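Fold and contact review
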Amino acid sequence: MKKLKAVIAVCLAAAMVIPFAACSKSNNKVIMSTNAQFPPFEYHSGNKIVGIDVEIANKIAAKLGKQLDIRDVDFETLPNEITSGKCDFVAAGMSITDERKVNMDFSDPYFDATQSIIVLKNSPVKSRTDLNGKTVGVQQGTTGDTYCTDEDKKADIHVKTVKRYNKGTDAISDLIAGRIDAVVIDDFPAQKFVQNNSEKLVKLSDALTVEHYAIAVKKGNKELLDTINSVLKDMKSDGEISKLVEQNKSALENG
Ligand code: GLN
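Residues numbered from 1 in each chain as written. Predicted model: local features only at pLDDT ≥ 70, side-chain atom pairs only at ≥ 80, totals over all residues. Heavy atoms only, no water.

So, the packing of aromatic side chains
Per the stated rule, a full pass over the model turns up 8 aromatic pairs. Between F38 and Y213, the aromatic rings sit 6.3 Å apart at their centres with planes inclined by 55 degrees, giving tilted as the arrangement. Placement of the pair is F38 in strand 2 (residues 37-38) and Y213 in strand 12 (residues 201-213), with a sequence separation of 175 residues. Comparing F38 with Y213 shows no difference in burial state: the two are buried. With relative accessibility at 0%, the residue Y213 sits in the buried group. These aromatic residues form a ring-pair network of at least three members: F38, F41, Y110, F111, F188 and Y213. (Phe/Tyr/Trp six-rings, centres within 6.5 Å; stacked < 30°, edge-to-face > 60°. Helix = DSSP H or I, 4+ residues; strand = E, 2+ residues; numbered from the N terminus. Buried < 20%, exposed > 50% of the residue type's maximum accessible area, 1.4 Å probe, protein only.)

Given below as structure tokens:
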């Protein structure tokens with residue numbers, strides 16, 4: 001009995017200490033998780049991670065009076081970063097979906113996007129319905145993956161095989177090597193990938209979905225969400241987000 005009490009006491013003590021330990025590590029830091037393979041929203045430049053989401057995250061950190069730390073992980077593990085408390089927020093060009101809303105709370109949207117289709121220049125795939133029966137490359141765990149895999153049977157297109165990659169660039173390499181028929185990925189990175197391989201690749205004018213990017217926090221973290229929303233509101237109303245998007249667009253155009 002004594003032993004049992006001691007065990008219970010230790011467990012209770014641990015239960016009290018662990019949440020504090022988890023909080024204290026982020027006392028003067030705010031931690032963002034992302035997948036820095038998604039230009040121009042987040043990507044590596046030298047030994048730094050930069051991009052539109054990083055600019056927004058820096059503003060959030062400044063508003064909180066904290067230093068920004070960035071964790072770069074696989075896209076599909078991002079929801080787990082939030083639920084397990086490894087980060088305070090996810091900024092990763094992440095689209096709001098009902099499925100994701102079950103496990104995390106989303107800020108107001110800050111960017112509208114679509115899923116685009118990239119093919120080789122001489123490809124017989126010329127429209128969205130041409131994807132029927134084809135082998136398509138996607139980034140694992142993204143909305144492009146969900147759409148092509150069609151687990152909820154909502155999509156109007158039935159591809160034959162979905163090949164999942166951790167990096168969009170790996171999907172593009174397989175497309176160029178002729179191992180897959182198309183890559184489905186968000187419009188902005190699609191433009192960047194096509195532009196980097198403009199002799200070989202084209203982006204179709206057909207898109208697959210309409211989506212909205214938002215920043216995600218742990219369910220119920222209203223305080224942080226309010227701060228994020230106020231930063232986004234300011235950045236939208238003073239035109240800063242559009243400016244960042246335009247800058248990055250012209251950076252895309254100028255190569
Ligand atoms: N917008 C897509 C999604 O939310 C992909 C984002 C990404 O690859 N970073 O699933």
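Some remarks on the site of the ligand
Every one of the 13 residues lining the ligand counts as a neighbour, but G93, S95, R100, T143 and D186 are closest to it. In the model, an oxygen atom of the ligand is placed 2.7 Å from a nitrogen or oxygen of the S95 main chain. The contact in question runs from an oxygen atom of the ligand to an N or O atom on the side chain of Q139, over 2.9 Å. For the ligand, whose accessible area on its own is 300 Å², the fraction buried by protein is 100%. According to the grid-proximity analysis, the pocket containing the ligand is the largest cavity. For the shell around the ligand, the class distribution of residues is 5 nonpolar, 5 polar and 3 charged. (Near = heavy atom within 4 Å. Polar contact = N/O pair within 3.5 Å; in protein donor to acceptor, adjacent residues only side chain to side chain. Areas by Shrake-Rupley, 256 points an atom, 1.4 Å probe, with all protein chains shown as cover. 1 Å grid on protein atoms, 1.4 Å probe; cavity = no way out; pocket = protein on both sides within 12 Å on 5 of 7 lines; lining within 4 Å. Sits in = over half its atoms within 2 Å of the grid points. Nonpolar A, V, L, I, M, F, W, Y, C, P; charged D, E, K, R; others polar.)

A short note on the nonpolar core
Grouped together as the largest cluster of nonpolar side chains are 31 residues, with contacts concentrated most on F41, I56, F89, Y110, F111, I215 and I228. The set of elements that each furnish at least two residues to this core consists of strand 1 (29-34), helix 2 (52-64), strand 8 (111-120), helix 8 (222-237) and helix 9 (240-253). (Core = buried A, V, L, I, M, F, W, Y, C linked by side-chain atoms within 4.5 Å.)

Some remarks on the side chain of D174
Tracing the chain through its elements places D174 in helix 6 (residues 168-176). Among the polar contacts made by the side chain of D174, one reaches the side chain of R179 at a distance of 2.7 Å. For D174, the residues in contact, after removing those within four places along its chain, are K163, Y165, R179 and I180. (Contact = heavy atoms within 4.5 Å.)

Thoughts on the sheet that holds strand 12
With respect to topology, 5 strands assemble into an open sheet ordered 10-9-11-8-12, the strand pairing being mixed. At either end of the open sheet lies a strand with only one pairing partner, and these are strand 10 (161-165) and strand 12. For this sheet, the mean angle separating the axes of adjacent strands, direction not counted, is 25 degrees. As paired elements, strand 8 and strand 11 (residues 182-186) share 4 bridges and run antiparallel to each other. Residue pairing in the sheet places I117 in a bridge with V184 of strand 11. (Pairing = 2+ DSSP bridges. Axes fitted to C-alpha atoms, helices over the stretch in contact; angles between N-to-C directions.)

So, the sheet that holds strand 5 (residues 67-72)
Taken together, the 5 strands give an open sheet; going across it, the order is 5-1-6-13-7, and neighbouring strands pair in mixed fashion. Unpaired on one side and paired on the other, strand 5 and strand 7 (104-106) mark the two borders of the sheet. Bridge count for strand 1 against strand 5 is 6 bridges, and the pairing is parallel. Looking at the pairing, V30 lines up with L68 of strand 5.

Some details on the pattern of salt bridges
Should their charged atoms come close, side chains of opposite charge can pair. Applying the stated criterion across every chain, the model contains 11 salt bridges. Between K59 and E240 there is a salt bridge; the shortest N-O distance is 2.4 Å. One end of the pair, K59, is in helix 2; the other, E240, is in helix 9, and 181 residues separate them in sequence. Across the salt bridge formed by D145 and R164, the nearest N and O atoms sit 2.9 Å from each other. Within this pair, whereas D145 is found in helix 5 (residues 143-149), its partner R164 is found in strand 10, the two being separated by 19 residues in sequence. For D145, a relative accessible area of 8% gives the class buried. Taken together, the shared-partner salt bridges in this structure form one network comprising K163, D174 and R179. (Salt bridge = Lys/Arg side-chain N within 4 Å of Asp/Glu carboxyl O.)

All quantities given are derived from atomic positions and should not be read as evidence of function.
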